[in-house]
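If you want the building blocks of each chain, they are given just below.
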Amino acid sequence: LDVVDGLSIHESISGSACVENIRKRLPNELERRMLAVVRSANDSLSDISMYCERAHGFLPKQPIRREKINEILAPIWLKRFPLSEFGDSVCFDAD
């Protein structure tokens, strides 16, 4: 994330580090109910590994076509909120 203050001083802050910080600061019950996904700035294997440590998943750098959103998000969602724990409350429509 690029941040600019009123004096036009630029600072870069890692979005995935921000997500990690937020997750660590939340009470367990709230963190358990959230899904944190970051968008990749670089799809390298080392960066993807880091994103998955800091967040629950990541979106690739390239633009995502509307009809592919469920295909990309569903596995991340179901890993975070497994049917064995959440049942029918976490289903994805085919539409």
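Residues numbered from 1 in each chain as written. Predicted model: local features only at pLDDT ≥ 70, side-chain atom pairs only at ≥ 80, totals over all residues. Heavy atoms only, no water.

Q: I'd like a description of the overall build of the protein, backed by residues and values.
A: Broken down by element type, the protein carries 5 helices and 4 strands. The linear arrangement of helices and strands in the protein, starting from the amino end, is β-β-α-α-β-α-β-α-α. Its C-alpha atoms give the protein a radius of gyration of 16 Å, more than 25% over the compact-globule value 12 Å for 95 residues. Overall, the protein is about 50 × 35 × 25 Å in size when its C-alpha atoms are taken along their principal axes. Considering the protein as a whole, with its 95 residues, one finds that 20% of them fall into the buried category. (Helix = DSSP H or I, 4+ residues; strand = E, 2+ residues; numbered from the N terminus. Rg over C-alpha atoms; globule rule 2.2 N^0.38 Å. Buried < 20%, exposed > 50% of the residue type's maximum accessible area, 1.4 Å probe, protein only.)

Q: Which residues make up the environment of serine 14, and what are the values?
A: Note on placement: serine 14 falls in the loop between strand 2 (10-12) and helix 1 (15-25). On a C-alpha basis, the gap between serine 14 and leucine 45 in space is 17 Å, while along the polypeptide they are 31 residues apart. Within polar-contact distance, the side chain of serine 14 engages the side chain of arginine 54 at 3.1 Å. (Polar contact = N/O pair within 3.5 Å; in protein donor to acceptor, adjacent residues only side chain to side chain.)

Q: Describe the side chain of serine 40, listing the residues and the values that go with them.
A: Considering the arrangement of structural elements, one finds serine 40 in the loop between strand 3 (37-39) and helix 3 (45-54). Residue classification places serine 40 among the buried residues on the basis of a relative accessible area of 0%. A distance of 2.6 Å separates the side chain of serine 40 from the side chain of aspartate 43, its partner in a polar contact. Setting aside its immediate chain neighbours within four residues, serine 40 contacts Tyr51, Phe58, Leu59, Pro60 and Lys61. (Contact = heavy atoms within 4.5 Å.)

Q: Outline helix 3, supporting the account with residue identities and numerical values.
A: Of the positions making up helix 3, those classed as buried are Asp47, Ile48, Tyr51 and Arg54. The buried residues of helix 3 occupy one face: seen down the axis, they fall within an arc of 130°. Residues of helix 3 that are exposed and point over 90 degrees away from its buried face: Leu45, Ser46 and Glu53. Buried positions along helix 3 lie against helix 1, strand 3 and strand 4 (57-59). (Arc of directions from axis to C-beta.)

Q: I'd like a description of the pattern of salt bridges, backed by residues and values.
A: Evaluation of the coordinates by the stated rule reveals 6 salt bridges. Residue glutamate 20 pairs with arginine 54 through a salt bridge whose shortest N-O separation is 3.7 Å. Of this pair, glutamate 20 sits in helix 1 while arginine 54 sits in helix 3, placing them 34 residues apart in sequence. Assessed through its relative accessible area of 24%, glutamate 20 is described here as partly exposed. Where glutamate 71 meets lysine 68, a salt bridge forms, and the shortest distance between an N and an O atom there is 3.4 Å. Exposure remark for lysine 68: the relative accessible area of 33% places this residue in the partly exposed category. The structure contains a network of salt bridges with shared partners spanning Glu20, Lys24 and Arg54. (Salt bridge = Lys/Arg side-chain N within 4 Å of Asp/Glu carboxyl O.)

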